[in-house]
Structure formats: C-alpha cells, structure tokens
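# Architecture and fold: a report
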Amino acid sequence: MGFNKAQFMEVLAQIAPNRYLQAVLIILLFLGVAKGVDLILSRIVKGWFEKTKFKIDDQVLDIFHRPVFLSIILFGLALATERLGFPEIIGFITLGCLKTIAIFYWALAATRFLKLLLNLVSRDESWFKLIQDQTLPLFNNLLILLVTGLSIYIVFLVWDIDLTAWVASAGILGLAISFAAKDTLANLFSGVFIMADAPYKLGDFIVLDSGERGNVTNIGIRSTRILTRDDVEITVPNSIMGNTKITNEAGGRHEKFRVRVKVGVAYGSDIDTVHRVLLDVASGFQEVCKIPEPRVRFRAFGDSSLDHELLCWVRKPVFRGKVLHLLNTAVYKRFIQEGIEIPFPQQDVHVRSVSTDTQFIEKKVIEKDTIETIK
C-alpha cells in the first residue's frame, strides 16, 4: 500500500488544526519512523546477514543504512515545509536544499556500493578480464566521474537550471581536451587493452622489437616499466607497447627457458664421445632442469668443424646468461680433458710456380690486348 499524501494531510488536519503544530507532528512522526527502520535494519536484518557465509551483505547494509535513515527524515522535513506554506521562493530554496542533501548521500552510497562490486569482480578474472588489480584504480576513477556527473545533472534538474548551454560548453571543452591530450588518451586506452589482453604480466621477461630485454616491474595506465639485466629501468609508453612486437620469454605452457650451447669439433672426432661429454656437462649443474632432459643435436657439417648444439632448460629466463656462462666454461674444460679439438676457421693457400717462358708469353699477350683496346 503506497503513501497517500492527501489522505495523510486530512488525518493530520483533524488531529491538529494549527499548521505549525502539524509541521511539528510530521517531523516527530518521521523521526519515529526513521528510528524504527533504523532499529529493524541494525538489529533484525543485520542479525540475519551475520548468520550467512557471505560478508558482502553486511557491507551492503552498512552502505545503505545511513542514507535510508536520512532520507526518511528529509522526506518528513519536506512535508513539513510544504505544510507551513512558506512563500514560493523560500519554499523552493528549502525543498531544493533538502533534495540536494538527499542526492549527495545517495550518490556517496552508490559510489561505495559500485566500488564494492568492482573489488569483488576484480578478485575473479574469469568474470571480467578487463577488471584486474592493475586496472581497478582506473575504473574507480571512472566510476566516481560517472556518479558525480549524474548527481550534478539531477541537482541541476532539482534547481530548474537549463542544461543546454552547459552541455554545449562541455562538448566544446571535451573536444579541445581530446586534441590537446591525444597522446595521453592513446596511452590510457592502450594500457587498458594491454591489461585486458595480457600479452605479458608482472614478473615476465620480455624482449621488445627494438632489442630491450628485461623483467616487467609495473604495468600502469600510462606506461610499462622494464628492469633490464643491467639494473636499469626502462619506461615505455603503452601506445608503443600496444603497437610493437613483443617476445615474452616467460610465456607459453611454463616459465622454463631453453638455453642453446653451439660448439664445433674437428673432423675425425668421435662424435659419440662428444655427445656423452656434452650431456654429462649439462647434468652436472643444478640450475639445469632435469625435465625436460638435456639433449644434443648434430646440426651440420661445417667448413672447419662438425657443428653440434647442446639444448637444455633453465627454470626462469633470468638464469639464461649465468647458465650459458657455466656451460661454455665447463664444455671447454672437458673437451681439453677428453682430447676433443675445437677447430678455428682456417684456409690453405697453394702457390703454383710457372716457367720463365710461360711468364714472357703471358706478358706479351697482355700488352697486345692493351694496345688493341687503346686503338
């Protein structure tokens, strides 16, 4: 059954014929109703919510508890204001102030409630991949702007302010800002798309198309930060990250990274011994993964050597340089111990001598060809 304002005023007039007394009764009545609703929400409803397994219902109750209480009181004050019969301008200002206060409290409650929902959604990436811990501040700010803009629009309607000129001014201002901050907006949208598409994440080792390689330390709204192996931090705008080729060395099924040791042995070497030595060297380091197992490949018959390649895996791409150094050193030492020769590129020059008569004939032929060419 809805609230019938006319019937309520008739009953009130029968109880108290004086309009000032009626206004006081209205205020007291709605104060009592507000207090009753407050007791119901704070004791009965809150008691029910505390028995549930979810905490979000308690938080929702805390958010909307105060706005409901104040709205009932403000509604009573508005009825009392109308009953007092103030002059039109005073009544308009009083009701406008009461409505503005109500809008402010409900806008604040709506902002807190929507932030609560965003935090809840960001914990489970299977719902919305776009909303994550990194993008949460952006969506919180957009939420505040949206609620603030809607609240201001409603307040303008309450005070009978014409919005046509304001909307036109806002459109021109927005157009000017978009041209002035196009690079910033490009970085902003690229950052959102990077977080949503997730071509890399925090802690990944990536290689840019320009050659920079490092650990991703921060994915912001405007830029991405990479810490190189030289302990130098590189800040790359997201607009560039979104339009360049990126190699994610930590991507794929797992974070393990394969290390390749290329080595050549002299022709005539026992390749079975070479294979055994290379595998033995790889198995002697804890940094080298046992699964997948190290392997050796005979790649090609080179100009000066039999080209082999030792393939093994490390747990993280960051260990690539260290493990490659250890393997190269150990392979070189073991080859010396085993008598396996590592050749270096060389060329044999054969000098052929000719007789004096032959040299004289060749010289005459050359001089004749030169004279005919000049003619």
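Refer to the structure above for everything that follows.
So, here is what we can say about the structure in this document. Keep in mind that this is a model prediction, so the values were computed, not measured.

### Notes on the sheet that holds strand β6 (residues 257-265)
- If you walk across this open sheet you meet the 3 strands as β6-β8-β7, and the pairing is antiparallel. With partners counted over all chains shown, the strands left at the sheet margins are β6 and β7 (295-301), one partner each. Each strand axis lies, on average, 25 degrees off the axis of its neighbour in the sheet, ignoring direction.
- Here β6 pairs with strand β8 (residues 306-314) via 9 bridges, running antiparallel.

### Some remarks on a nonpolar patch on the surface
- Side chains of Phe86, Ile89, Ile90, Phe92 and Ile93 sit close together on the surface and give an oily, nonpolar patch of about 440 Å² of accessible area.
- One can find Ile93 in helix α4 (residues 88-122).

### Considerations on the packing of helix α2 (residues 19-50) against helix α3 (residues 56-84)
- Between α2 and α3, whose axes approach to 8 Å, the crossing angle comes to 170 degrees. Between α2 and α3, the angle falls in the class roughly antiparallel.
- Among the residues forming the contact of α2 with α3, the class breakdown is 22 nonpolar, 4 polar and 9 charged.

### Some details on the pattern of salt bridges
- Within this structure, the stated rule accounts for 9 salt bridges.
- Residues Arg320 and Glu249 are paired through a salt bridge, measuring 3.9 Å at the closest nitrogen-oxygen approach. Of this pair, Arg320 sits in helix α10 (residues 320-338) while Glu249 is found in the loop between β5 (246-248) and β6, placing the two residues 71 residues apart along the sequence.
- Overall, the relative accessible area of 30% leaves Arg320 in the partly exposed class.
- Its relative accessible area of 10% is what places Glu249 among the buried residues.
- Close ionic contact of Arg334 with Asp280 constitutes a salt bridge, the shortest N to O distance being 2.6 Å.

### Re the nonpolar core
- Membership of the largest hydrophobic core comes to 23 residues, with the highest contact counts inside it found for Leu278, Val281, Leu327 and Phe335.
- If sequence neighbours within four positions are ignored, Phe335 has contacts with Val263, Val265, Val274, Val277, Leu278, Ile340 and Ile342.

What counts, and at which threshold
Once a new chain begins, its residue numbering starts again from 1 and follows that chain's sequence as written. Per-residue local features of the predicted model are confined to residues with pLDDT of at least 70, and side-chain atom pairs are confined, for both listing and counting, to 80 or more; whole-chain, interface and lining totals are unaffected and use all residues. Hydrogens and water molecules were not included; the side-chain quantities draw on all heavy atoms of the structure. Strands were regarded as paired on the criterion that DSSP finds at least two bridges between them. Each helix corresponds to a stretch of at least 4 residues labelled H or I by DSSP, and each strand to a stretch of at least 2 residues labelled E; elements are numbered beginning at the N terminus. Only the stretch in contact is used when fitting a helix axis, every axis being a line fitted to C-alpha atoms; angles between N-to-C directions are given from 0 to 180 degrees. Here the term patch refers to residues with relative accessible area over 30% and no salt bridge, with like charges joined within 9 Å and nonpolar side chains (Val, Leu, Ile, Met, Phe, Trp, Tyr) within 5 Å. Only the protein chains shown count as covering a residue, and every accessible area follows the Shrake-Rupley method with a 1.4 Å probe. By salt bridge we mean one thing: a side-chain nitrogen of Lys or Arg within 4 Å of a carboxyl oxygen of Asp or Glu. An angle counts as roughly parallel when it lies under 35 degrees, as roughly antiparallel when it exceeds 145, as roughly perpendicular when it falls between 65 and 115, and as oblique in every other case. Residues are grouped as follows: nonpolar covers Ala, Val, Leu, Ile, Met, Phe, Trp, Tyr, Cys and Pro; charged covers Asp, Glu, Lys and Arg; every other residue, Gly included, is treated as polar. A 1.4 Å probe rolled over the protein chains alone gives each residue an accessible area, and that area as a share of the maximum for its type sets the label: buried under 20%, exposed over 50%, partly exposed in between. By convention a nonpolar core is built from buried Ala, Val, Leu, Ile, Met, Phe, Trp, Tyr and Cys residues, the set being connected through side-chain atoms within 4.5 Å. Any two residues having at least one pair of non-hydrogen atoms within 4.5 Å are treated as being in contact.

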